[in-house]
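Topology and contacts: notes
Below, each chain spelled out in residue letters.
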Amino acid sequence: MSKSYKEYTITSDGQLMLKKADSDQIETVWERYENQLPQCGYCEMGLSCRICNMGPCRIDPFGEGPQKGVCGADADIIVARNLGRMIAAGAAAHSDHGRDLVEVLADVAKGKAPGYSISDPVKLKKIAGEYEIETDGREIPAIAGDLAYAMMEDYGTRKKELTLVKRAPEKRREIWRKAGIMPRGIDRETSEMMHRTHMGVDNGWQSLLLHGMRNALSDGWGGSLIASEVSDILFGTPLPCANQVNIGVLKTDQVNIIVHGHNPVVSEMIFLACQDTDLINLAKLKGAKGINLAGLCCTGNELMARHGIPMAGNHLMTELVIATGAVEMMLVDYQCIMPSLGKTASCYHTKMISTSDKARFPGMEHREFHPENSQKMAQELVKEAVEQYENRGKVYIPVEPVQSLGGFSVEAVTGALGGTPEPLIEAIKAGKIRGAAGIVGCNNPKIKHDYGHVTLAQQLIKNDILVVVTGCAAIATAKAGLNAAEAIKYAGPGLKEICGALKIPPVLHMGSCVDNVRILILASALANALGTDISDLPIAGSAPEWYSEKAVAIATYFVASGVYTVLGPMPPITGSMNVIKLLTQGLDDITGASFAVEPDPEKAAILICRHIENKRKALGLDSRAL
């Protein structure tokens, strides 16, 4: 590697494991990133187009070369089309995740999914009510079957409005109707975006971007929201539970199994199999003291939030976890799984298993999970992981784990507040809590690992801003000790007083990246309690280290929902000043919120604090000068 390990990551386990990987001659994501430098400037600016076979085309940003593609598209059109397709891909990923869960729900209703069950029947009935499904006097499976069918209708049938947008404040829904961006069908909006961006269809860069917002809303208030809610119905609504994080959660004397990806359908069955007495006894016969299940990325977040399962790391740590030599088996489902992992694992004894019918990877054994075979498959694979323990070589686990608290669903947050958002509103009115900010998203080797997430969270809580986190950001702040109740010592005096009284951390773990919708629902509850719109609240969002198309969709549905959002890395839009101007200024007149881009997390914190203070002033609350 070309730099010192401290320049790649702020984490102790990351720095030590990079040294180990170097020693073992393991290639990592950081080296591959450096090998790509300098990256294509046209692509970074969004000015390259390969949509049709008259191209590929590119626009010269200096005005000396071609200013139009072969079809005649200029910079504005090409940048808007590329961004629209990024939103469509991101919305499709999370929404398809939701569809998979609905299919499991349907199979549970039919009794065709052994091992799965309805863990939260109260939530099942509540959401069934939102879909106008009769629940009185009916059996749970019958309600579940009807709900699964109704949710599938949200995917494929054209409606005027998706069912769950009713949770948004009426003022917000009227904004969407007026702007023509009310989402109608989850699949419909993604399909329409792909149609609009086909050569010769929509060449209005403004209309393309507006449909991008509608497409993102179909994910945020449709597919992703369904994913979170059905996960709760099947596996339980998260409640605060203690857990541990970083690479130190691996055990030298136990069989270590890692689950990685995003969808809890497989990992929940692995979790149950790891508690099987016969398999634990087999582990002991093989010389281990037990079976240790740990998570990576958002599959790990799902298990952490519901069961307190420890978390080994976030996106950029996935290769380094294998390099410990302590992992007997890693099972992956889909999303954010680097295709390099199979090769990394081939240098150790780790068995790599892919499990989804829609995701294959080089160097991995494919063992497909379906609702009807998941229970049996999980038992077989955990047994194979146990048998792999005897093949383990030298192990390197260089740090002790950090204590953390996770599982703050909307229900848990309001529960901690006494069942109503009113105490939080009063704390905001009194100025003890200035506002709230969501820090979400990925890791990106372009940003020093975890630096953006942790620095921004530290700056915000110091300024009495309550922080909620999801995804890789949640793991970053947990590793830094900010997701523990003791972290109130880093908070400003007002936030410290409120969190201390409630015995909650100043940084609340709200789950995986589909669970960003929980933040939207909490914001809606606050807006409804105040009789106002989300855009009037002293709140903001940020994705300091984002990399994926899913993050583009998430950020877009937050802005479309009225939440000012600050991005760390610049999206590929700098080839069009018109697009930049619309996204950073013009959207304020349409949705009441806009984007900002600031790679420096300390400067991003100033932007967020300033926005929150301005919103407080507009609400007639006290406002600090910044």
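Residues numbered from 1 in each chain as written. Predicted model: local features only at pLDDT ≥ 70, side-chain atom pairs only at ≥ 80, totals over all residues. Heavy atoms only, no water.

Per an unreviewed UniProt entry, the recorded name for the chain is Carbon monoxide dehydrogenase, and the organism is Desulfonema limicola. Quoted verbatim from the Catalytic activity (unreviewed entry) heading of the UniProt record, the comment on the chain is "CO + 2 oxidized [2Fe-2S]-[ferredoxin] + H2O = 2 reduced [2Fe-2S]-[ferredoxin] + CO2 + 2 H(+)". (UniProt positions renumbered as here; feature names shortened; annotations may be inferred.)

This part covers the overall build of the chain. Scanning the chain for helices and strands turns up 25 helices and 16 strands. The globule rule puts the C-alpha radius of gyration for 626 residues at 25 Å, and the 24 Å found for the chain is close to it. Projected onto its principal axes, the C-alpha coordinates of the chain cover approximately 65 × 65 × 50 Å. Across the 626 residues of the chain, 62% fall into the buried class. Summarising the internal contacts of the chain: among those between residues at least 6 apart in sequence, 74% fall at separations of at least 24. Surface accessibility of the chain: about 23,200 Å² in total, with carbon and sulfur atoms responsible for 52%. Side chains of the chain carry 64 positive and 71 negative charges; the gap between the two charge centres is 3 Å. (Helix = DSSP H or I, 4+ residues; strand = E, 2+ residues; numbered from the N terminus. Rg over C-alpha atoms; globule rule 2.2 N^0.38 Å. Buried < 20%, exposed > 50% of the residue type's maximum accessible area, 1.4 Å probe, protein only. Contact = heavy atoms within 4.5 Å. Areas by Shrake-Rupley, 256 points an atom, 1.4 Å probe, with all protein chains shown as cover. Lys, Arg positive; Asp, Glu negative; His and termini not counted. Charge placed at Lys NZ, Arg CZ, Asp CG, Glu CD.)

Further remarks concern the UniProt feature "binding site: [4Fe-4S] cluster 2" (unreviewed entry) in the chain. Mapped onto the present numbering, the UniProt feature "binding site: [4Fe-4S] cluster 2" (unreviewed entry) falls on Cys49, Cys52, Cys57 and Cys71. These annotated residues cover 23 residues of sequence, and their C-alpha atoms lie no more than 10.5 Å from one another, placing them together at a single site. Relative to the elements of secondary structure, Cys49 occurs in strand β1 (residues 48-49). For Cys49, a relative accessible area of 9% gives the class buried. Ignoring any residue separated from it by four or fewer positions in sequence, one finds Cys49 in contact with Pro56, Cys57, Ile78 and Arg81. Structurally, the position occupied by Cys57 is in strand β2 (residues 57-58). Residue classification places Cys57 among the buried residues on the basis of a relative accessible area of 17%. Sequence-distant contacts of Cys57, defined by excluding residues within four places in its chain, comprise Leu47, Ser48, Cys49, Gly69 and Val70.

This part covers the packing of helix α17 (residues 422-429) against helix α21 (residues 516-530). Running from N to C, α17 and α21 cross one another at 75°; their axes reach a closest spacing of 10 Å. Viewed along their axes, α17 and α21 adopt a mutual orientation that is roughly perpendicular. Between α17 and α21, the residues in contact are Leu424, Ile425 and Lys429 and Leu526, Ala529 and Leu530, respectively. Partitioned by chemical class, the residues of the contact of α17 with α21 number five nonpolar, no polar and one charged. (Axes fitted to C-alpha atoms, helices over the stretch in contact; angles between N-to-C directions. Parallel < 35°, antiparallel > 145°, perpendicular 65-115°, else oblique. Nonpolar A, V, L, I, M, F, W, Y, C, P; charged D, E, K, R; others polar.)

Our focus in this paragraph is the pairing of strand β5 (residues 291-296). With six of six residues buried, β5 is to be regarded as a mostly interior element. Neither face of β5 is exposed, since Ile291, Leu293 and Gly295 on one face and Asn292, Ala294 and Leu296 on the opposite face are all buried. Once you follow β5 into helix α12 (residues 297-307) and on to strand β6 (residues 311-313), the crossover reads as right-handed. (Right-handed = clockwise from strand over helix to strand, strands pointing away.)

Using the residue numbers shown here, the UniProt feature "binding site: [4Fe-4S] cluster 1" (unreviewed entry) corresponds to Cys40. Turning to its location among the elements, Cys40 is positioned in the loop between α2 (29-35) and α3 (41-44).

The first and last C-alpha atoms of helix α22 (residues 549-560) sit 17 Å apart over 12 residues, in line with the 16 Å expected at 1.5 Å per residue. By the criterion of burial, α22 is predominantly enclosed, with 11 of the 12 residues buried. Listed as buried for α22 are Lys550, Ala551, Val552, Ala553, Ile554, Ala555, Thr556, Tyr557, Phe558, Val559 and Ala560. Its side-chain oxygen placed 3.2 Å from the backbone nitrogen of Lys550, Ser548 serves as the N-cap of α22. (Expected span 1.5 Å × (residues − 1). Polar contact = N/O pair within 3.5 Å; in protein donor to acceptor, adjacent residues only side chain to side chain.)

On to the sheet that holds strand β11 (residues 435-439). Ordered in space as β13-β12-β11-β14-β15-β16, the six strands form an open sheet in which the pairing is parallel. Each edge of the sheet is formed by a strand with only one pairing partner; in this case those strands are β13 (507-509) and β16 (595-597). Mean inter-strand twist for the sheet, computed between neighbouring axes without regard to direction, equals 25°. Here strand β12 (residues 465-469) runs beside β13; their pairing, made up of three bridges, is parallel. Paired with Val467 across the two strands is Val507, which belongs to β13. (Pairing = 2+ DSSP bridges.)

What follows concerns the environment of Ala605. Relative to the assigned elements, Ala605 resides in helix α25 (residues 601-618). Excluding anything up to four places from it in sequence, Ala605 contacts Leu456, Gln459 and Leu460.

Time to look at the packing of aromatic side chains. Considering all chains together, one arrives at four aromatic pairs under this definition. For the pair Tyr8 and Trp30, a centre-to-centre distance of 6.3 Å together with 65° between the ring planes defines the contact as edge-to-face. Within this pair, whereas Tyr8 is found in the segment before α1 (12-24), its partner Trp30 is found in helix α2, the two being separated by 22 residues in sequence. Here the two residues Tyr8 and Trp30 agree in accessibility, since each one is buried. Centre to centre, the rings of Tyr116 and Phe235 are 6.3 Å apart; their planes meet at 55°, and the pair counts as tilted. Residue Tyr116 is located in the loop between α4 (75-110) and α5 (121-130), and its partner Phe235 is located in helix α9 (residues 205-235); the two are separated by 119 residues in the primary sequence. According to the relative accessible area criterion, Tyr116 is buried, its value standing at 8%. (Phe/Tyr/Trp six-rings, centres within 6.5 Å; stacked < 30°, edge-to-face > 60°.)

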